[in-house]
Amino acid sequence: MKLEAGPASKGLYGRRRGAAIAALVILLAMVNLSVIAASRGATHESESSLLRVQAARAFFAAESGAMASVRAMIVGDTGVAGAVVELGNAEYELVELPERGALGSLVVEGRSGAAIRRIQLLVE
């Protein structure tokens, strides 16, 4: 008795191959979704890191402006309200200056990218 592969065995092999291809497609789709999810998280992290850097630059720019203004007041120069000074990737603006020799507040605003930081000093 001789056994030969007939149409029934070929159909079973074809169904197994089709199921394997379907499983492979599902597996690749799952891997693709996990890569997309991981990259979205990394993008969010890099954006928040950039905002932290810009906030630090804005604060340091405002601090530099405040110290420069205090130094100028000690010498006798009052400066001009509204003056903007650029410092590389950041800038500061003298928002409010006290009158010469009077009690008042000095307000300096530092900016870098989307970040803005404001420093207010009471000057005597």
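Parameters and conventions
- Residues numbered from 1 in each chain as written.
- Predicted model: local features only at pLDDT ≥ 70, side-chain atom pairs only at ≥ 80, totals over all residues.
- Heavy atoms only, no water.
- Core = buried A, V, L, I, M, F, W, Y, C linked by side-chain atoms within 4.5 Å.
- Buried < 20%, exposed > 50% of the residue type's maximum accessible area, 1.4 Å probe, protein only.
- Helix = DSSP H or I, 4+ residues; strand = E, 2+ residues; numbered from the N terminus.
- Polar contact = N/O pair within 3.5 Å; in protein donor to acceptor, adjacent residues only side chain to side chain.
- Contact = heavy atoms within 4.5 Å.
- Pairing = 2+ DSSP bridges.
- Axes fitted to C-alpha atoms, helices over the stretch in contact; angles between N-to-C directions.
- Patch = residues over 30% accessible without salt bridge, like charges linked within 9 Å, V, L, I, M, F, W, Y side chains within 5 Å.
- Areas by Shrake-Rupley, 256 points an atom, 1.4 Å probe, with all protein chains shown as cover.
- Salt bridge = Lys/Arg side-chain N within 4 Å of Asp/Glu carboxyl O.

1. Some points on the nonpolar core
Reasoning step 1: In this structure, Ala-62, Ala-66, Tyr-92, Leu-94, Leu-97, Leu-106, Val-108, Ile-119 and Val-123 together form the largest nonpolar core, which totals nine residues.
Reasoning step 2: Mapped onto this core, the elements with two or more residues apiece are helix H1 (7–75), strand E2 (90–96), strand E3 (104–112) and strand E4 (115–123).

2. Considerations on the side chain of Glu-109
Reasoning step 1: One can find Glu-109 in strand E3.
Reasoning step 2: A polar contact of 2.6 Å, which involves the side chain of Glu-109, links it to the side chain of Arg-111.
Reasoning step 3: Excluding residues within four positions of it along the chain, Glu-109 makes contact with Ala-62, Glu-91, Tyr-92, Glu-93, Val-95, Ile-116, Arg-117 and Arg-118.

3. Describing the sheet that holds E2
Reasoning step 1: On the basis of which strands lie adjacent, the open sheet formed by four strands has the order E1-E2-E3-E4 and antiparallel pairing. The strands lining the two open edges of the sheet, one partner per strand, are strand E1 (84–87) and E4. Neighbour-to-neighbour, the strand axes of the sheet open up by a mean angle of 20 degrees, direction not taken into account.
Reasoning step 2: In this structure, E1 lies alongside E2, joined through four bridges in antiparallel fashion. Looking at the pairing, Glu-86 lines up with Glu-91 of E2.

4. Description of a nonpolar patch on the surface
Reasoning step 1: Residues Leu-24, Leu-27, Leu-28, Val-31 and Val-35 make up a contiguous nonpolar surface patch of about 470 Å² in total accessible area.
Reasoning step 2: Using a relative accessible area of 47% as the deciding quantity, one classes Leu-24 as partly exposed.

5. Remarks on the side chain of Ser-69
Reasoning step 1: The topology assignment puts Ser-69 in helix H1.
Reasoning step 2: A polar side-chain atom of Ser-69 sits 2.9 Å from the main-chain carbonyl oxygen of Gly-65.
Reasoning step 3: In contact with Ser-69, other than residues within four places in its own chain, are Leu-94 and Leu-106.

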